[in-house]
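# Structural characterization, general
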Amino acid sequence: MPTFEFVLAFTSVISALGIGHLLAGAVQLLRRASHVRFSLVQALWMWSALAITLGNWASDWELHEQTQWPAWTLLLLIVSNIAQYVFCHFVTPEAPAGEIDLRQFHAREGNRYMWAMVVLAFIALAFNFAFGGADLYGPWVRDSVLVIIAIFLGLLAIFVKAQWVQLGVALSFAVLETYFLVAASTLGTT
């Protein structure tokens, strides 16, 4: 088995755990829909977690040209996938018996998953720098513009609690991550 396939298989397991947790939580909420107070902000953050995890998994295809895998590159890739898992886990509410208020969940747990996203974004900056290739600054800047915007949006939502800011950031982040998912998913198809 080539090294890339081994590495991708290993990290795909971690991504799959995050996606599985997120999807299982969404299905639990749908099953209990009559007991759930919907929150568009929370739904957008959950979509963003799914889109970023799928997009990062798809973008890992670019690593197939790596001929060497020093331990630090493997560790960085694993840490990145673990951060994604934590983001997926934190953004997914539990579905206990009784009423589930997703607005309260966002108010109570939002900082936790937004900080997880900011940490993931900083890891992505390091990842882009490490795997940027010989022309470090061109690819790093190209690959990191969305990440820098995501950090700004995440910090804005963490520190400004106004409803319209929370909705605006969640919507902007969902659009950003949807774009990333589409762009990353078409990388090897042209």
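Preceding this paragraph is the structure being described.
Source: prediction; values computed, not measured.

The next subject is the overall build of the protein chain. Secondary structure summary: the protein chain contains 6 helices and 2 strands in total. Taken from the N to the C terminus, the helices and strands of the protein chain come in the order α-β-α-α-β-α-α-α. For 190 residues, the compact-globule formula gives about 16 Å, and the C-alpha radius of gyration of the protein chain, at 17 Å, lands near that figure. Projected onto its principal axes, the C-alpha positions of the protein chain cover 55 × 35 × 30 Å. The 190 residues of the protein chain split such that 45% are buried. Long-range contacts, defined as pairs at least 24 residues apart, comprise 81% of the intrachain contacts of the protein chain with a sequence gap of at least 6. Within the structure as shown, the protein chain displays about 10,300 Å² of accessible surface, and the carbon and sulfur contribution to it stands at 70%.

Let us now look at the packing of helix α2 (residues 40–59) against helix α6 (residues 163–185). Two elements in contact, α2 and α6, have axes separated by 8 Å at closest approach and are oriented at 25 degrees. Our classification of the angle between α2 and α6 gives roughly parallel. Of the two elements, α2 crosses α6, and the hand of that crossing is left-handed.

With 23 residues, α6 should cover 33 Å at 1.5 Å per step; its first-to-last C-alpha distance of 32 Å lies within 8% of that length. Taken as a whole, α6 has its buried residues at Val-165, Gln-166, Val-169, Ala-170, Phe-173, Ala-174, Leu-176, Glu-177, Phe-180, Leu-181 and Ala-184.

Here helix α1 (residues 3–31) crosses α2 at 160 degrees, and the two axes come no closer than 10 Å. With respect to α2, the element α1 is oriented roughly antiparallel. Along this stretch, α1 crosses α2, giving a crossing that reads as left-handed. Between α1, through Leu-8, Ser-12, Ser-15, Ile-19, Leu-22, Leu-23, Ala-26 and Leu-29, and α2, the contact on the second element is made entirely by Met-46, Ala-49, Leu-50, Thr-53, Leu-54 and Trp-57. Across the contact of α1 with α2, the residue classes break down as 11 nonpolar, 3 polar and no charged.

Parameters and conventions
Residues numbered from 1 in each chain as written. Predicted model: local features only at pLDDT ≥ 70, side-chain atom pairs only at ≥ 80, totals over all residues. Heavy atoms only, no water. Helix = DSSP H or I, 4+ residues; strand = E, 2+ residues; numbered from the N terminus. Rg over C-alpha atoms; globule rule 2.2 N^0.38 Å. Buried < 20%, exposed > 50% of the residue type's maximum accessible area, 1.4 Å probe, protein only. Contact = heavy atoms within 4.5 Å. Areas by Shrake-Rupley, 256 points an atom, 1.4 Å probe, with all protein chains shown as cover. Axes fitted to C-alpha atoms, helices over the stretch in contact; angles between N-to-C directions. Parallel < 35°, antiparallel > 145°, perpendicular 65-115°, else oblique. Left-handed = near helix turned anticlockwise from the far one by under 90°. Expected span 1.5 Å × (residues − 1). Nonpolar A, V, L, I, M, F, W, Y, C, P; charged D, E, K, R; others polar.

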